[in-house]
Amino acid sequence: MTSFPGLGSPSSPWTNTATVWRALLALTVVFVMLATTGWTAVRGRGAADPRRAALSAWLHGSVAGRPLPSPYADPGVLARFFAALSTTDRTRLADRYPLVVGNLNGAPLSLRYRANRTALAQARAVEERRSHDSGLTPVGRNEAKRRMHRFDSLLSRGRQVLAFDPGGSGRVAEVLGDLDHAERVSVVVPGVDTNVLTFEKSGRPYAAPVGMADALYTTERSIRPAARTAVIAWADYTSPAGVGVDAATGKLAAEGALRLRALVRGLPGSSSVSLFCHSYGSVVCGVAARELDPRVTDIAVAGSPGMRARNVSELHTSARIWAMRDADDWIRDVPHLEVGGLGHGADPVSSGFGARLLSAADAEGHAGYFEPGTVSLANFARLGAGDTSGIRCSPSDTDCAVGTAPLR
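Each chain carries its own residue numbering, running from 1 in the written order of its sequence. Reporting in this predicted model follows two pLDDT cut-offs: at least 70 for local features of residues, and 80 or more for side-chain atom pairs to be given and counted; totals over whole chains, interfaces and linings ignore these cut-offs and use all residues. Think of the side-chain values as coming from all heavy atoms in the structure, minus any hydrogens and water.

Participant: If you had to explain the side chain of Asp347 to someone new, which residues and values would you point to?
Facilitator: The helix and strand labels rest on DSSP assignments: H or I over at least four residues marks a helix, E over at least two residues marks a strand, and numbering proceeds from the N terminus. Positionally, Asp347 belongs in the loop between strand 9 (320-324) and strand 10 (356-357). Separated by 2.9 Å, the side chains of Asp347 and Arg325 make a polar contact. Beyond its immediate chain neighbours, meaning those up to four positions away, Asp347 contacts Arg325, His336 and Phe353. For the purposes of these results, a polar contact is taken to be a pair of N or O atoms within 3.5 Å, where, inside protein, one atom must be able to donate a hydrogen and its partner to accept one; residues adjacent in sequence count only when each atom of the pair is a side-chain atom. When checking whether two residues touch, look at their non-hydrogen atoms; a contact exists if any pair is within 4.5 Å.

Encoded structure:
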């Protein structure tokens, strides 16, 4: 159980045992209510895991008489492996093992894009068959149709899918811009209920990862047209389904953090990286911060339930930490504590946490931070583009940008 400064100190209200128990009871009641009323989706579809089968085949495969490397090898090892292959052999691997090559940090980007197009086409064919399967319920057939249409969209001309796994509720990541030659890379890390179906939305586009990333990329380019930027819509981790028990604990965040660190290590070139972490995504970023590659210069969180730390120093990162929350975001009512594994620690917008506080004056609600035209989005874009000169700070931290010289 994490302790907090002032707990039990003579000057703290926490010295009152009844107060402690009331707070713990409130925390428990909140999470029980969330767990029983907010469980909105069922993880997995009861189908075979296609990527697991692909990994098994890869581990027994070879190319040009050479065994294939571990798919979990360091990105540098994988980069050297592919660099030593002929173009023909690389293409052969991408076509034979698309669900492996498309997810290998360190593999050439063009090869990953190719592999994921193949994997998407194969997954689409599976869903098309399922949509006509009389053995499925009407709900199951409808879900298959929805997934098929999502895969159709991801297969649209010009889309650059960086990662794809159709297993369970699905994981996916997409690149906007030229990642190979970018000077600055922004990564959007979304929160709960993120999966292959919610990766993009037609109704509320800027509440979904693709819309968030698109708005960020467009705004970055308007701020610094000459800068070489790229944005990644990163839904390549298993997020909590609904605001339930998984959302109240750090297990999925810890698993996501491992994947986020691997993504950053595998990025090409020497670009600077900024992370933009929304809701439960900020928990992922908080856990990942402790061992992130130093090329990450900024971590900005919005609508955060906590970063599983009491303050910035506990994140153990050289990156600058920024936080924002708009006035009507419901996340403010979630207890910012961590007790017995429940909760995610201190409030990142509290004065004691130590983050630089950004304005979100005209954002609306928990999902409004990436809406075009908002101050919140402009602040994020300035960080991503490396231009802090026009950043607008929160009224409670009017000098948040002091000491932040514009980056390259």
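So much for the structure itself; the text now carries on.
Participant: So, a negative patch on the surface: which residues are in play, and what are the values?
Facilitator: Every patch collects residues that have over 30% relative accessible area and no salt bridge, joining them within 9 Å if they carry like charges and within 5 Å if they are nonpolar side chains (Val, Leu, Ile, Met, Phe, Trp, Tyr). The accessible surface values rely on the Shrake-Rupley method and a 1.4 Å probe; as for residues, cover is taken only from the protein chains in view. A pair is scored as a salt bridge if a Lys or Arg side-chain nitrogen falls within 4 Å of a carboxyl oxygen belonging to Asp or Glu. For the purpose of counting charges, residues Lys and Arg are taken to be positive, whereas Asp and Glu are taken to be negative. His and the chain ends are not included. For the purpose of locating charges, the reference atoms are NZ of Lys, CZ of Arg, CG of Asp and CD of Glu. Taken together, Asp328, Asp362, Glu364 and Glu371 make up a surface patch of like negative charges. Mapped onto the elements, Glu371 comes out in the loop between strand 10 and helix 12 (375-385).

Participant: Quick one: what's the story with the sheet that holds strand 3 (residues 160-165), residue by residue and with numbers?
Facilitator: With mixed pairing, eight strands are arranged side by side in an open sheet as 3-4-6-5-7-8-9-10. Edge strands, defined here as strands with exactly one partner in the open sheet, are strand 3 and strand 10. On top of the sheet, helix 6 (residues 109-130) reaches strand 3 and strand 4 (171-177); it is set at about 55 degrees to strand 3, its chief contact. Fitted lines through C-alpha atoms give the axes, limited to the stretch in contact for helices. The angle between two N-to-C directions lies from 0 to 180 degrees. Strand contacts of helix 12: strand 5 (184-189), strand 7 (272-278), strand 8 (296-302) and strand 9, with the helix running at about 155 degrees to strand 7, the strand carrying the most contacts. Two strands qualify as a pair provided DSSP detects at least 2 bridges between them.

Participant: Account for the packing of helix 8 (residues 209-223) against helix 12, with residues named and values stated.
Facilitator: Between two packed helices, both the angle of their axes relative to each other and the distance between the axes serve to describe the pair. Where helix 8 contacts helix 12, the two axes come as close as 8 Å, and the packing angle between them is 65 degrees. By the criterion of interaxial angle, the relationship of helix 8 to helix 12 is roughly perpendicular. Crossing angle aside, the handedness with which helix 8 passes helix 12 is right-handed. The residues of helix 12 that touch helix 8, namely those facing Ala215, Leu216, Thr219, Glu220 and Ile223, are Leu377, Ala378, Phe380, Ala381, Arg382, Gly384 and Ala385. For this classification, Asp, Glu, Lys and Arg are treated as charged, while Ala, Val, Leu, Ile, Met, Phe, Trp, Tyr, Cys and Pro are nonpolar and the rest, including Gly, are polar. Of the residues belonging to the contact of helix 8 with helix 12, the class tally is eight nonpolar, two polar and two charged. In these notes the angle categories are as follows: under 35 degrees is roughly parallel, over 145 is roughly antiparallel, 65 to 115 is roughly perpendicular, and the rest is oblique. If you view the pair so one helix is near and one far, a crossing is left-handed when the near helix is turned anticlockwise from the far one by less than a right angle, and right-handed when it is turned clockwise.

Participant: How would you summarise the state of the cysteines if you had to cite specific residues and measurements?
Facilitator: Here, a disulfide means two cysteine sulfur atoms that sit within 2.5 Å of each other. Going through the model one piece at a time under the given rule, you end up with two disulfides. In this model Cys277 forms its disulfide with Cys285; the gap between the sulfur atoms is 2.1 Å. In this structure, the disulfide formed by Cys277 and Cys285 twists by about -90 degrees around the S-S bond and is classed as left-handed. Partly exposed residues are those whose accessible area sits between 20% and 50% of the maximum for their type, while under 20% is buried and over 50% is exposed, using a 1.4 Å probe and protein chains only. Its relative accessible area of 1% is what places Cys277 among the buried residues. Classification of Cys285 by relative accessible area gives buried; the value is 0%. The disulfide partner of Cys393 is Cys400, and the gap between their sulfur atoms is 2.1 Å. Across the S-S bond linking Cys393 and Cys400, the dihedral sits near -85 degrees, which makes this disulfide left-handed. Taking relative accessible area as the criterion, Cys393 reaches 19% and is therefore assigned buried. For the protein, the disulfide bridges join cysteines in the arrangement 1-2, 3-4, where the cysteines are counted in sequence order.

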